[in-house]
Amino acid sequence: MTHTPSLDRPQPILIMHQVRGGYGDADILQGVSLTVMPQEIVVIVGPNGAGKSTAMKAVFGLVRIRSGAIVFEGEDITGWSPDRIVRRGISYVPQVDNVFREMTVHENLEMGAFLAKGDLSAAYDRIYALFPDLKTKRHALAGDLSGGQRQMVAMGRALMLDPKLLLLDEPTAGLSPKYMEQIFQICRDVRDSGVSILLVEQHAKQALAFCDRGYVLATGANRFEGSGRAILEDPEIAQMFLGG
Amino acid sequence: MLEFINFYIIPGIVIGAIYALGAIGITLIFGILRFGHFAHGDLATTGAYLALGVTTLIGLTPWLSLPVAMILTALLAYGIHRLFYRHLEARPKILTVMASLGIGMMLRSVVQVAWGVDPLAYGSGIARAQSFAGLMLRPREIATLALTLALVATLLAFLRYSKWGKAMRAMSDNPDLARLCGVDNDRVTRLTWFIVGALAAASGFCLGINTELTTMMGWSAMLSMFAAAVLGGVGRVEGAVVGGLVIGLAEELSVLLVPSPYKSATAFVILLAILLLRPQGIFKGKVL
Ligand SMILES: Nc1ncnc2c1ncn2[C@@H]1O[C@H](COP(=O)(O)OP(=O)(O)OP(=O)(O)O)[C@@H](O)[C@H]1O
Ligand SMILES: [Mg+2]
């Protein structure tokens, strides 16, 4: 695939094109296509087991891709290893177990920059400015923090290398509405600082209301796409996937 | 009181330090590579005999031959990993556990073939205990404690402050996430075996110099080392040290309560009790 940048239409930062693949022999993803534009928050919603996490892992090189392509900033990254993808500018926060529990907040951030060389003080300043709560807790063990703070550690860790695209798998799962709002606000701040975000959300209505664009995924393929508002207002989707 | 300290507490701390050096290796392997390493005692034995070999061949004093033996045992441990354990990595861990039992027997046999089955000693000199305000300490006991202290402090500092030490902790804590961060699994594994091998040699050497060298000594001490690792909390280095000291002291003190042939059962009783009552150990390690 070649993409010629044009002046009138900005080039997508991420394109997933007809991706099929999975963990073993069976394909979990049955042709997933999506795009993320620069400085855009794109949300994937869908029922449990739809393949949302798998789609996200496919972008990050954690899933065997049988056919289709993943293109990042015009470069085909299909089949790349995760650490090569990290270096290329994509960071990923898994759905579960996304912090080092026995390590301090600061050490978690340090691990996020494991592949970096040189002075990291600017990166720490950037993260602690984004997450003031973490600065006061920097010497606490990540495992001792509340769920919301742990999620911030996980996001901070992923942002240490200054990625261009951030993949977040259910960042608000199990969080109180207050923390959910806070995480969404941080997502907006991160986007405004120039990072594109692709996130999977269980809180579909709230996520669709705050995102720029959304995709509905079911049984390993996209069913609908559009602005968050358009998806929310579609009665058919609302009935089928968003619980009425 | 001084009698009590000299006869029970000091020997307990010395053997406890030796157990600690072995238990650290066991706990690191449990934490990072996720299996129980039952060749550990015999790895310690091998290290001790390698030090003897260096002493007799090159003519270094025992304490000077120890660093050489530590390096050789580190290489040996990594070699065993490359030759055997690595090929089982993708299989259920129980296979590696069983393989390690076999490796242990093999190491022991090699030592028996090379050095014979009779007890040996590093030197013939009888070191008299010196009195420190009534506390009787032999030079070799002081050296054992100083060595343990130095090795433990170095290891803890390495794990806490160095980039690759943190990578080892990260791998023990959350291997998937560590890989996502770009930590090279193979490199952490290699580093772990080097550290574990060197510490096992130190442990075996100290055991040999404080008692005598026998080909069964590591095997016999291994139960106490495992008990120490579990007691301290699997994966916790500081736990292994505390666990080692507790087991060492408990064994020495047990003779006040039960006949001395039961001394070696003490570790077993503590191991069972901790698994039943507090499986995460003193320092909140991984639950087996
Ligand atoms: N590591 C794995 N190995 C094998 N199959 C897996 C693995 N992870 C997920 N699956 C399977 O892939 C399918 C899609 O799972 P996935 O985690 O992508 O769904 P999801 O949409 O993220 O669901 P949820 O909302 O529960 O997080 C499921 O049938 C699941 O059982
Ligand atoms: Mg999921």
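Predicted, not measured: the structure shown is a model, and the values here were computed from it.

Cut-offs used in this document
Residues numbered from 1 in each chain as written. Chains lettered and ligands numbered in written order. Predicted model: local features only at pLDDT ≥ 70, side-chain atom pairs only at ≥ 80, totals over all residues. Heavy atoms only, no water. Helix = DSSP H or I, 4+ residues; strand = E, 2+ residues; numbered from the N terminus. Rg over C-alpha atoms; globule rule 2.2 N^0.38 Å. Buried < 20%, exposed > 50% of the residue type's maximum accessible area, 1.4 Å probe, protein only. Contact = heavy atoms within 4.5 Å. Areas by Shrake-Rupley, 256 points an atom, 1.4 Å probe, with all protein chains shown as cover. Lys, Arg positive; Asp, Glu negative; His and termini not counted. Charge placed at Lys NZ, Arg CZ, Asp CG, Glu CD. Donors = N, O, S within 2.8 Å, 3.2 Å for Na, K, Ca; no water. Axes fitted to C-alpha atoms, helices over the stretch in contact; angles between N-to-C directions. Parallel < 35°, antiparallel > 145°, perpendicular 65-115°, else oblique. Left-handed = near helix turned anticlockwise from the far one by under 90°. Pairing = 2+ DSSP bridges. Nonpolar A, V, L, I, M, F, W, Y, C, P; charged D, E, K, R; others polar. UniProt positions renumbered as here; feature names shortened; annotations may be inferred. Buried area = accessible area lost by both parts, 1.4 Å probe. Salt bridge = Lys/Arg side-chain N within 4 Å of Asp/Glu carboxyl O. Expected span 1.5 Å × (residues − 1). Near = heavy atom within 4 Å. Polar contact = N/O pair within 3.5 Å; in protein donor to acceptor, adjacent residues only side chain to side chain. Patch = residues over 30% accessible without salt bridge, like charges linked within 9 Å, V, L, I, M, F, W, Y side chains within 5 Å.

### Brief notes about the overall build of chain B
Then, number 1: Scanning chain B from terminus to terminus reveals eleven helices and two strands.
Then, number 2: Here the C-alpha radius of gyration of chain B, 18 Å, is about what a compact globule of 288 residues would show, namely 19 Å.
Then, number 3: Its C-alpha atoms give chain B principal-axis dimensions of about 55 × 45 × 35 Å.
Then, number 4: In chain B, which comprises 288 residues, the proportion classed as buried is 50%.
Then, number 5: Put simply, of all contacts in chain B between residues at least 6 apart along the chain, 75% involve residues at least 24 apart.
Then, number 6: Surface exposure of chain B reaches about 12900 Å², of which carbon and sulfur atoms provide 69%.
Then, number 7: Here chain B holds 21 positive side-chain charges and 13 negative ones, and the gap between their average locations is 9 Å.

### Thoughts on the coordination of the magnesium ion (ligand 2)
Metal coordination angles have textbook ideals: 109.5 degrees for a tetrahedral set of four donors and 90 or 180 degrees for an octahedral set of six.
All names here are of chain A.
Then, number 1: Listed as protein donors to the magnesium ion (ligand 2) are S53 (OG) and Q95 (OE1); their distances from the metal cover 1.9 to 2.2 Å. With S53 in helix 1 (residues 52-59) and Q95 in the loop between strand 6 (90-93) and helix 3 (105-112), the pair connects residues that are 42 residues apart, well separated along the chain.
Then, number 2: On the basis of relative accessible area, S53 is assigned to the buried category, the value being 18%.

### Description of the packing of helix 2 (residues 40-58) of chain B against helix 8 (residues 185-210) of chain B
If you want to describe how two helices pack, look at the angle between their axes and the distance between the axes.
Residue and element names in this part refer to chain B.
Then, number 1: The interhelical angle for the contact between helix 2 and helix 8, taken along N-to-C directions, is 70 degrees, at an axis separation of 7 Å. Here helix 2 lies roughly perpendicular to helix 8, going by the angle between them. Classified by chirality, the crossing of helix 8 by helix 2 is right-handed. Touching H40, L43, A44, G47, A48 and A51 of helix 2 are V196, G197, A200, A201, S203, G204 and F205, all from helix 8.

### A short note on the pairing of strand 1 (residues 14-22) of chain A
Residue and element names in this part refer to chain A.
Then, number 1: Sheet analysis places strand 1 next to strand 2 (residues 29-36), joined by six bridges and oriented antiparallel. Pairing of V19 across the sheet is with V32, part of strand 2.
Then, number 2: Counting the residues that bridge the hairpin from strand 1 to strand 2 gives six residues.
Then, number 3: Relative to strand 4 (residues 64-72), strand 1 runs antiparallel, the two sharing seven bridges. Opposite R20, over in strand 4, you have S67 as the bridge partner.

### Focus: the packing of helix 1 (residues 2-33) of chain B against helix 5 (residues 139-161) of chain B
All names here are of chain B.
Then, number 1: Put simply, helix 1 and helix 5 touch, their axes get as near as 10 Å, and they point 30 degrees apart. In terms of orientation, helix 1 lies roughly parallel with respect to helix 5. For the pair helix 1 and helix 5, the crossing hand works out as left-handed. Contact with helix 1, carried on its side by I10, I13, V14, A17, I18, L21, I24 and L28, involves E141, T144, L145, T148, L151, V152 and L155 of helix 5 and no other residues of that element.
Then, number 2: Taken together, the residues that form the contact of helix 1 with helix 5 break down as twelve nonpolar, two polar and one charged.

### Some remarks on the UniProt feature "transmembrane region" (unreviewed entry) in chain B
Then, number 1: Here, the residues flagged by UniProt with the feature "transmembrane region" (unreviewed entry) are residues 6-31, 66-85, 94-115, 142-161, 191-210 and 265-283 of chain B.
Then, number 2: Within the segment residues 142-161 of chain B, helix and strand shares are 100% and 0% respectively, and the terminal C-alpha atoms sit 28 Å apart.

### Here's the deal with the interface of chain A and chain B
Then, number 1: On the chain B side, the residues contacting the 21 residues of chain A number 16 residues.
Then, number 2: Contact between chain A and chain B buries roughly 1600 Å² in total, counting both sides, with carbon and sulfur atoms accounting for 60%.
Then, number 3: The three residues of chain A that bury the most area against chain B are F100, E102 and F114 of chain A, which together make up 38% of that side's buried surface.
Then, number 4: Summed over the shared surface of chain A and chain B, the result is three salt bridges.
Then, number 5: Residue R236 of chain B pairs with E102 of chain A through a salt bridge whose shortest N-O separation is 3.2 Å.
Then, number 6: Of all the elements, helix 3 of chain A adds the most residues to the side of chain A that touches chain B, at four residues.
Then, number 7: Partitioned by chemical class, the residues of the side of chain A that touches chain B number twelve nonpolar, two polar and seven charged.

### Examining helix 4 (residues 93-115) of chain B
Residues and elements named next belong to chain B.
Then, number 1: When the terminal C-alpha atoms of helix 4 are compared, their 33 Å separation across 23 residues agrees well with the 33 Å that a helix rising 1.5 Å per residue should span.
Then, number 2: Inspection of helix 4 places T96, V97, S100, I103, G104, L107, R108 and V111 among the buried residues, and these make up the whole buried set.
Then, number 3: Looking at the buried side of helix 4, the elements it contacts are helix 2, helix 3 (62-83) and helix 9 (217-232).

### Digging into the site of ligand 1
Residue and element names in this part refer to chain A.
Then, number 1: Taken together, 13 residues surround ligand 1, and among them N48, G49, K52, S53 and T54 come closest.
Then, number 2: Take G51: an N or O atom from its main chain is 3.0 Å from an oxygen atom of ligand 1.
Then, number 3: At 2.8 Å from an oxygen atom of ligand 1 is found a side-chain nitrogen or oxygen belonging to K52.
Then, number 4: When its residues are assigned to classes, the shell around ligand 1 shows four nonpolar, seven polar and two charged.

### With respect to a positive patch on the surface
Then, number 1: Among the surface-exposed residues, K117 of chain A together with R82, R86, K163, R187 and R190 of chain B lie close enough to one another that they form a single positively charged patch.
Then, number 2: With respect to the helices and strands, the residue K163 of chain B is situated in helix 6 (residues 163-173).
Then, number 3: Its relative accessible area of 40% is what places K163 of chain B among the partly exposed residues.

### Some remarks on the environment of Y161 of chain B
All names here are of chain B.
Then, number 1: Considering the arrangement of structural elements, one finds Y161 in helix 5.
Then, number 2: By relative accessible area, Y161 is classed as exposed at 60%.
Then, number 3: C-alpha of Y161 to C-alpha of W219: the two residues are 58 residues apart in sequence and 34 Å apart in space.
Then, number 4: Polar side-chain contacts of Y161 include one of 3.5 Å to the side chain of R160.

### Section: unusual backbone geometry
Across the chain, the bulk of peptide bonds are trans and the bulk of non-glycine residues have phi less than zero.
Then, number 1: Phi is positive for Q39 of chain A, which is not a glycine, with a value near 55 degrees.
Then, number 2: Take Q39 of chain A: its relative accessible area is 41%, and that puts it in the partly exposed class.
Then, number 3: Backbone geometry at R34 of chain B places phi at a positive 65 degrees, although glycine is not the residue there.
Then, number 4: With respect to the element layout, R34 of chain B can be found in the loop between helix 1 and helix 2.
Then, number 5: By relative accessible area, R34 of chain B is classed as partly exposed at 32%.

### A few points about helix 6 (residues 147-159) of chain A
Then, number 1: In this model helix 6 of chain A runs 18 Å from its N-terminal to its C-terminal C-alpha over 13 residues, within 8% of the 18 Å that 1.5 Å per residue would give.
Then, number 2: Listing the buried residues of helix 6 of chain A in full gives G148, Q149, Q151, M152, V153, A154, M155, G156, R157, A158 and L159 of chain A.

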